[in-house]
Amino acid sequence: MTDPGATPDAIVFDDVSKVFADGTTAVRNLTLAVPEGRLTVFVGSSGSGKTTALRMINRMVEPTSGTVTVGGADVATVDPVALRLGIGYVLQNAGLMPHQRVIDNVATVPVLKGQTRRAARTAAYAVLERVGLDAKLATRYPAQLSGGEQQRVGVARALAADPPILLMDEPFSAVDQVVRHELQDEILRLQATLHKTIVFVTHDIDEALTLADSVAVFQRGVLQQYDPPETLLSDPANDFVAGFIGTGRGYRWLRLIDAAGLPLCDVETIAAERLPGAHPDGWALVVDAAGAPAGWFDGDTASRLGSLLRPDGNLSQALESALSSPSGIGVAVDAAGRFIGGVAAADVLAAVDARRRG
């Protein structure tokens, strides 16, 4: 197993094991370093030890043997209340206090750390905005929010005291798939700005690969592999890891490769107002007055667009754009949604081949 981070280590597990009173070994001889300012995902099925490992970081669970250090200090020597006040914690169902308004939920930790309630509430409004919530929700109670809004409040509460470390225990598993993807995007956006040390637990390998700088795969309390997503996909450590990732490893690998630099080809375009009297030579892309793609036209038939390749897209999205297009050519757009060029499947595959050779 490789050490995926060259930055200083914020959290270190040194030969850590946890055996519960009934004799169950939840974690066995775990040695792992979590780099500072990176997002590390613990992934595995139920009972794999991932959540137990997470909870040993803030002493919600005490190790039976071995040492867990945070910021160079053995957590066993740190007052657990002080330790937890310095570490953000996001639970599966947000864990909000139902009798408190949103603003007071978010202000909880700053108040416990000695900040005045007024100052904490003022700061909480800024944190709510940071996680994409409207300030008008501040005076509502958790039961008045959607599941996705509750989870955003949970993230805001964890960030309110600006902790260097954030622990997230399957935070998005209770929401539907659409909201889950939105929340994943939100975490990536926040992390790009805040650069927290995040340990994120999930049972979903796609979520792990989407979010992680590094992925730790657990099975029955034993760490099976700890590597960046690209290494996990291209070189699984053993049959268990390969099986856990499952089929479609190549498709998942494409999602990790930025499409920036992909060559764009020329495509005939037609202004929407010229239809239906236009006679293109084969398929032409219909664009509106602002230059945004509106559909395809071959002189006889108008067809809908396939998926679009946007500026932050990856090679999987580029290939999907080409394959979903009736013309066989994908459509790339700029940040404003204007058409900038075509995407050929052959060029995507050539970029994949170049990446593998490189």
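Residues numbered from 1 in each chain as written. Predicted model: local features only at pLDDT ≥ 70, side-chain atom pairs only at ≥ 80, totals over all residues. Heavy atoms only, no water.

Student: It is not clear to me how the overall build of the chain should be interpreted in this structure. Could you clarify?
Tutor: Within the chain, the regular secondary structure consists of 13 helices and 17 strands. In the chain, which comprises 358 residues, the share counted as buried stands at 46%. Accessible surface, the chain as shown: approximately 16,800 Å² in total, 50% of it carbon and sulfur. For the chain, the separation between the mean place of its 31 positive charges and that of its 41 negative charges on side chains is 8 Å. (Helix = DSSP H or I, 4+ residues; strand = E, 2+ residues; numbered from the N terminus. Buried < 20%, exposed > 50% of the residue type's maximum accessible area, 1.4 Å probe, protein only. Areas by Shrake-Rupley, 256 points an atom, 1.4 Å probe, with all protein chains shown as cover. Lys, Arg positive; Asp, Glu negative; His and termini not counted. Charge placed at Lys NZ, Arg CZ, Asp CG, Glu CD.)

Student: Whenever I open this one, helix 12 (residues 315-323) confuses me. Can you help?
Tutor: Because each turn of an α-helix spans 3.6 residues, side chains separated by three or four positions end up pointing in the same direction. Those residues of helix 12 that sit buried are Leu315, Ser316, Ala318, Leu319, Ser321 and Ala322. The N-capping residue of helix 12, defined by a side-chain oxygen 3.0 Å from the backbone nitrogen of Ser316, is Asn314. (Polar contact = N/O pair within 3.5 Å; in protein donor to acceptor, adjacent residues only side chain to side chain.)

Student: Hey, could you run me through the pairing of strand 16 (residues 329-333) in this one?
Tutor: Regular strands show a simple pattern: their side chains alternate between the two faces of the sheet. The buried fraction of strand 16 amounts to 4 of the 5 residues, a majority that puts the element mostly inside the structure. Pairing of strand 15 (residues 308-309) with strand 16, which is carried by 2 bridges, proceeds in the parallel orientation. Its bridge partner being in strand 16, Leu308 is matched across the sheet by Val331. Crossover handedness for the path strand 15 to helix 12 to strand 16: right-handed. Pairing of strand 16 with strand 17 (residues 339-344) involves 5 bridges; the strand directions are antiparallel. Within strand 17, the position partnered with Ile329 by the bridge is Ala344. In sequence, strand 16 turns back onto strand 17 through a hairpin of 5 residues, with Gly337 there showing a positive phi of about 85°. (Pairing = 2+ DSSP bridges. Right-handed = clockwise from strand over helix to strand, strands pointing away.)

Student: Please explain the packing of helix 6 (residues 147-159) against helix 7 (residues 177-194) as it appears in this structure.
Tutor: Think of two packed helices as two axes; the pair is described by the angle between the axes and how far apart they sit. At their nearest, the axes of helix 6 and helix 7 sit 10 Å apart, and the two run at 20° to each other. Of the possible angle classes, the one that applies to helix 6 and helix 7 is roughly parallel. Regarding helix 6 and helix 7, the two cross each other, and that crossing is right-handed. Between helix 6 and helix 7, the contacting residues are Gly148, Gln151, Arg152, Val155 and Leu159 on the first element and Val179, Glu182, Leu183, Glu186, Ile187, Leu190 and Leu194 on the second. Broken down by class, the residue content of the contact of helix 6 with helix 7 amounts to 7 nonpolar, 2 polar and 3 charged. (Axes fitted to C-alpha atoms, helices over the stretch in contact; angles between N-to-C directions. Parallel < 35°, antiparallel > 145°, perpendicular 65-115°, else oblique. Left-handed = near helix turned anticlockwise from the far one by under 90°. Contact = heavy atoms within 4.5 Å. Nonpolar A, V, L, I, M, F, W, Y, C, P; charged D, E, K, R; others polar.)

Student: For this particular structure, what's the right way to read the sheet that holds strand 16?
Tutor: Sheets are built from strands that pair by backbone hydrogen bonding, the pairs being arranged parallel or antiparallel. Read from one edge of the open sheet, 3 strands run 15-16-17, paired in mixed fashion. In this open sheet, the two strands that pair with only one neighbour each are strand 15 and strand 17.

Student: I'm lost on the confidence of the model for the chain in this one. Help?
Tutor: A low pLDDT means the predicted coordinates there should not be read in detail. Within the chain, residue pLDDT values average 90, and 97% of them lie at 70 or more. Counting contacts from residues 1-5, a segment whose pLDDT is below 50, to residues more than four positions away or on other chains yields 12 contacts. (pLDDT = per-residue confidence, 0-100.)

Student: What exactly am I supposed to notice about the nonpolar core here?
Tutor: Here is a general trend for soluble globular proteins: nonpolar side chains tend to be buried in one another's company. One finds Val106 and Met168 to be the most contacted residues of the largest nonpolar core, which totals 58 residues. For this core, the leading source of residues is helix 6, giving 5 residues. Discounting chain neighbours no more than four positions away, the residues touching Val106 are Ala124, Val127, Leu128, Val153, Ala156, Arg157 and Ala160. Within the second largest apolar cluster, 28 residues are counted, among which are Leu32, Val68, Val75 and Val201. (Core = buried A, V, L, I, M, F, W, Y, C linked by side-chain atoms within 4.5 Å.)

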